[in-house]
Every structure is written in C-alpha cells, then in structure tokens.
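Listed here are the chains, written in short residue letters.
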Amino acid sequence: MSLRRRRLTEKCFKIATALITWSSIAILGVLVFQILKEGMQWVDWQFITSLPSRKAEKAGIYTAIWGSFYLMITTMLFALPTGIGAAIFLEEYGGKSRLSRFIDVNVANLAGVPSIVYGLLGLAVFVNLFGFGRSVISGGLTLGLLVLPVIIITTRGAIRSVPKSIPQAAYALGAKKWQVIFFHTLPYALPGILTGVILSVSRAIGETAPLIIVGAAAYVAFVPESLLDEFTALPIQIFNWTSRPQEVFHSLSAGGIIILLSVMLTMNSVAIFFRHKTQRSRNG
Amino acid sequence: MFHFLKLIMRSLLKRSNLFKANSIKKDWFDSFVKGSLGLCALISIITTFSIIFILGKETLLFFEQVPIGDFLFGTKWEPLLEPQSFGVLPLISGTFLIVIGSSLVAIPAGLLTSIYLGEYAGPRTKAIVKPILEILAGIPTVVYGYFALTVITPMLKMIFPSIEVFNALSGSIVVGIMILPMISSLCDDAMSSLPRSLKEGGYAMGATSFEVVWSILVPTALPRIVAAFILAISRAIGETMAVVMAAGATPKMTMNFLESIQTMTSYIVQVSLGDTPAGGVEYQTCFAVGAVLFVMTLVMNIIGRKFYKRFNLEIE
C-alpha cells in the first residue's frame, strides 16, 4: 500500500473513532435536554409534596419519595453490616482456603445475576415464604441482596489498599486481631468503603424491575408508617407515568426523572469528593 | 450440603488458635468476631442456593403441568389466554432480537470508543469522556425506557413510517447505549494492560496508529475483548425496564425489528403487573422463564470471566 493511502486510512480511522465517542456524549446531551425540556415545568414544591393523582396538574411524588427513602434505609440496614462483614471475613480471615475461594467465585457470579431474578427471589422468599407481603421490608431486603455483591467487592478493594505497615504496627504493639481490624484497618479503609456504599445506594435507588416483581404498587395514597405497609418508589412512579398513553403524563415522568437523577448526582458527587479528599490527604 | 458444612468446620478449626502456643489465653471475643463475620459471608452463599432452589422448585412444579418438551420447543407463548400454550421459544427469540440489535450498536461503537480513548485522546479529553461514560452507565434503566419511548421511537418513525409504537429496534438501540460503557471500559482495560513493548515495536517499524491497533493490539487482546462482549451480552439478556417500555409485549418469532416483541424479562414484568395469586400456573411460568434467564446469564458470565482471567495470566 502506498504511503498516501496508509495515511488516509489512518486519518479516516481517527475521525471515525472520535466521531463515535463524541456521539455517545451527544446522546447524553440529548437525553438531559429532553428531560429538562419536558420535566422542568413540573418540578416545584407542589410536585414534591403532592400525592399521586389521576389529574396530571395535581399529581406529585410525595409518597414515591418517602417510599424510596424507607426502601433505602431498609436496604442499607441489611446490606451494610452483612456486606462489610463478609468483605472483612474474606480479606482478613479467608486467606486462600477452599471456602473463601468458593465464596469469592460465588460473589462474582451473584454480581452478574440479572436484577429481575432477585425480584423473583424476593417474591418467593420475603413476600410469600416469610409472609412479609408486598411491603417495604420485602422490597428493601430484595434490593439489599441485589447490592450485596457490589458492597462486598468495593469494600474488599478498600481493605486491600490499606498499607500492610498499619496492621503490622498494631500487631507489634500486642493488639488482638479484632482490635487491629476495627481500630486500625477499617478506619483507614473507611473512605473507600463509603464510596462503594454510596455508589451502591445510587444503584439501588434506580432499580425498578425487582420492585415490580416484589409488588410495589403504582398508586399509594399514604406514606408507609411501618415496614409492613405497601409502598411505591420513585422509579415505579416514573415507569407508571411513562406507560400511560397520554402525553401529559410522559412529561410528568420527566419531572420525576429530574428528581431521581438529581438525588443520584448528589450522591455520586459526594462519593467523588470523598475519593479526592482521601487521595490528597494520603499523598500530602 | 453436608459436605459444605464439613468444609466450613474444617477451615474454622484449622484457623482457630486452639493448637497454638498462646492458646491458654485464647480470646473468646476474637472467635466471636470471626464467627459473626463468617456468618455475613455465608449470606452470599445462602442467596445463591436460595435462587437455585426457588427457581428449581417452581420450575419443577410447572413441569408437572406442562411437559418440558412443550416448554422448551413450543413456538407459541400464550399463558394468559385460553387455550393456554407454553412454548418459550418466542420469548427467547425476542430476547435474541434485542441482543443482536444491541450488539450491532454497542460492539463496534464500544470498541472504537476504547481505541479512541487509548490511542488518540489526550489526557484532558480522557478526563472529560471517561466520567461521562460512567454517568451513562449509572443512569437507571427506567430513564432509558423513557428516552426510548419519547425520543428514539419518534425519530425512528420519521425514517420508517411503518414502525409500530412499541418495536424491537428502539429497544435494541437503547439497550445498546446502556451496555456501551461496559464494553468500552473492559476493552480499554484489555488493551492498556498489554506490554508497552508490543506497541512500541509496531511504531518502530513505521506502522501508523491504525495499523498498530488493528494488527497488533486488537488481535493480541482479542480473547479479553471477546470476553468483554460476552459479559455485555449477558447484561443485555437480563435487561428489563428499557425493553418493557420500548419493545412491547407481543410474544412472537420474528426477525423484523420494526415490530413489537416480548423478551423473557418483559414477560415476567407483565405477569407481575397483573394480580397473579401465588401458586397458580401463571405464577410458576415466571419462575420457569426466570430459570431459563438465570442459566443463560450464568453460563455466559462464567465463560466470560474465565476468558478474561486466563488470558490475563498468559500475558503476565
């Protein structure tokens, strides 16, 4: 091939890769633009404090916001201690035993299970077997199982990044293993763990399919008062409005999306802030 | 199960300090901490076993009423209408249509994006593009469903006037957008983990970037790139909300992207949106379909991860 043709191919290829890359960014731009254009007119205090309604002008996301809030509380009350506990066990006690390798593979497999399968698990176990019904606690525990692998994997990463000298120094002073873990390793790994936790909350809060399977109701006229009350959630409300044929409800769901994405964006910024802060304090 | 308990006991015994010199002052609290942490770790195993047990149990109950051959090879899926028929192939074909469509979007685009990031983009461009791809990956699927319905489908309608309101094409495109960040980041890892000398050797011979990428980097990293594709496809199979909202709920065997179809995941959602009592045959179909879904994604994930790891070892 002549040099000129090779250079031409090179140029075309470079332009093609750049074009493709920037077009996925353009897609994000279109997505954000569409949502803001449609949804901004709805987002105000009344939208946040109104109950769902058949009339679009009166409809709001009050119950959905509280539903999501209680769901996240239940999810984290379950997933945080178990996830972090499992990660500590695997990193500090597991070693290279067959059991810990088995758990390792198992966690990786669980991370790849489609979320809807967790929904089926929640339906069979929490809703029917345990008799919790279509309630906040069923939804919360289902989401908890869903984010458990994420928490375990990120926490292990955070623990592994703790310099070996820190636990060694503590051991040298005669600390017991549990003292080393809880007073030295964990505090040092905390920012990394928090980042993972926040990211997993932001994943759980957008999950829709498992909640539909577990039986989140589309129309709930009250804020859940106990863990056994029925519930709705922000993504469920968005799904419900989008699947109605009337255009006005589509733009209403754009309003819901703005709220959902703002919550997620806030959490992600906090996570990034944590990451930066610890990187700086450790380097400096 | 018994074998498993034995395993746990043995590893606990081996690691307890019963047999060590300082065992006179054995700290009971230390063992307590260890035991409770171990319990936490066990929950992940219990989860896996319960998934397998529950899917298996309901599927077996389902097969008592519907012959397994009718389920796996039947070409008509009408469980909610009389007379009922339970052939899962239309749902599988719907899922495959979405997988093919989304792969056609995401595989070339994802690979090219990773090449752009690895070879051409400067550090400042990278600092902009990478977080944006992460944002794309983090957007909830219900938002993508909204996007498909209100933006992509109307745009497609301008190109193909005969397209249905719910159609496989719109669903495929949006699922493609969703799995693109995953493909590009895995491919990026695959190529940037190659030894620098490979690339430098190519440049020293006077090759252009295009030639280095296509005849050195991509072929060498191919097993890991393929693994990335497999993992992404497995995600596309399990993808739910975007498909429910964009591709419709018409189980049929078609290769026409302009028609409404139904995937395995969207069938499960369709049943759940109605009021199905526990124990009925409609309830069990969900678990049977879920079992097919679970086995498919599990096999692909295991193959994908094996590929990814083995090759990693070879290079090192």
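Residues numbered from 1 in each chain as written. Chains lettered and ligands numbered in written order. Predicted model: local features only at pLDDT ≥ 70, side-chain atom pairs only at ≥ 80, totals over all residues.

1. Thoughts on the overall build of chain A
Piece 1. From N to C terminus, chain A includes eleven helices and zero strands.
Piece 2. For chain A, the N- to C-terminal ordering of α and β elements is α-α-α-α-α-α-α-α-α-α-α.
Piece 3. Projecting the C-alpha coordinates of chain A onto the three principal axes gives extents of approximately 75 × 70 × 35 Å. (Helix = DSSP H or I, 4+ residues; strand = E, 2+ residues; numbered from the N terminus.)

2. Overview of the overall build of chain B
Piece 1. Scanning chain B from N- to C-terminus turns up twelve helices and two strands.
Piece 2. The linear arrangement of helices and strands in chain B, starting from the amino end, is α-α-α-β-β-α-α-α-α-α-α-α-α-α.
Piece 3. Looking at chain B residue by residue over its 316 residues, the buried ones come to 45%.
Piece 4. Of the contacts made within chain B by residues no fewer than 6 positions apart, 71% connect residues no fewer than 24 positions apart. (Buried ≥ 20, exposed ≤ 12 C-beta atoms within 10 Å, placed from the backbone. Contact = placed C-beta atoms within 7 Å.)

3. Topic: the nonpolar core
General note: in soluble globular proteins, nonpolar side chains tend to be found buried as a group.
Piece 1. Of all hydrophobic cores here, the largest spans 170 residues; its most connected members are Leu-120 of chain A together with Val-174, Ile-183, Ala-228, Ala-232, Ala-242 and Val-289 of chain B.
Piece 2. Here this core gets 15 residues from one element, more than from any other, and that element is helix H7 (residues 168-192) of chain B.
Piece 3. Each of domain 1 (3-39) and domain 2 (48-283) of chain A gives at least three residues to this core.
Piece 4. Those residues in contact with Ile-183 of chain B, other than ones at most four positions away along the chain, are Ala-106, Ile-107, Gly-110, Leu-111, Ala-228, Phe-229 and Ala-232 of chain B. (Core = buried A, V, L, I, M, F, W, Y, C linked by C-beta atoms within 7 Å. Domains from an automatic or database assignment.)

4. Here we look at the environment of Leu-199 of chain A
Piece 1. Relative to the assigned elements, Leu-199 of chain A resides in helix H8 (residues 177-204).
Piece 2. Once the C-alpha coordinates of Leu-199 of chain A and Met-264 of chain A are considered, the two residues, 65 residues apart in sequence, prove to be 8.8 Å apart.

5. Some words on the interface of chain B and chain A
Piece 1. Taken together, the contact pairs 69 residues of chain B with 68 residues of chain A.
Piece 2. The element best represented in the side of chain B that touches chain A is helix H2 (residues 28-65) of chain B, accounting for 18 residues.

6. Topic: the domain arrangement of chain A
Piece 1. On domain assignment, one finds that chain A holds domain 1 (3-39) and domain 2 (48-283).
Piece 2. Of note, the centres of domain 1 of chain A and domain 2 of chain A, computed from C-alpha atoms alone, are 34 Å apart.

7. What to know about the environment of Met-155 of chain B
Residue and element names in this part refer to chain B.
Piece 1. Of note, Met-155 is situated in helix H6 (residues 141-159).
Piece 2. By the C-beta count within 10 Å, which is 11 here, Met-155 ends up exposed.
Piece 3. C-alpha separation for the pair Met-155 and Ile-52, spaced 103 residues apart in sequence, amounts to 42 Å.

8. Things to note about the confidence of the model for chain B
Residues and elements named next belong to chain B.
Piece 1. For chain B, per-residue confidence averages 87 on the pLDDT scale, and 90% of positions sit at 70 or higher.
Piece 2. No element of chain B has a lower mean pLDDT than helix H1 (residues 2-15), at 62, and none a higher one than helix H4 (residues 89-120), at 94.
Piece 3. Here residues 18-24 is a poorly scored stretch, pLDDT under 50, and it has three contacts once near neighbours within four places are set aside; other chains count.
Piece 4. Two numbers describe this predicted complex: its pTM, 0.88, and its ipTM, 0.90. (pLDDT = per-residue confidence, 0-100.)

9. Topic: the packing of helix H3 (residues 62-94) of chain A against helix H6 (residues 136-160) of chain A
All names here are of chain A.
Piece 1. Relative orientation of the contacting elements H3 and H6 amounts to 35°, with a least axis distance of 6 Å. The way H3 lies across H6 gives a crossing that is right-handed.
Piece 2. Classifying every residue of the contact of H3 with H6 gives 18 nonpolar, eight polar and three charged. (Axes fitted to C-alpha atoms, helices over the stretch in contact; angles between N-to-C directions. Left-handed = near helix turned anticlockwise from the far one by under 90°. Nonpolar A, V, L, I, M, F, W, Y, C, P; charged D, E, K, R; others polar.)

10. Considerations on the packing of H3 of chain A against H8 of chain A
Residue and element names in this part refer to chain A.
Piece 1. Running from amino to carboxyl end, H3 crosses H8 at an angle of 135°, the nearest separation of the two axes being 11 Å. When the interaxial angle is binned, H3 and H8 end up oblique. Considering only the axes of H3 and H8, their crossing is right-handed. Contact residues: Met-72, Thr-75, Met-76, Leu-80, Ile-84, Ile-88 and Glu-92 in H3; Ile-181, Ile-193, Val-197, Val-201 and Ala-204 in H8.
Piece 2. Tallied by class, the residues present in the contact of H3 with H8 amount to ten nonpolar, one polar and one charged. (Parallel < 35°, antiparallel > 145°, perpendicular 65-115°, else oblique.)

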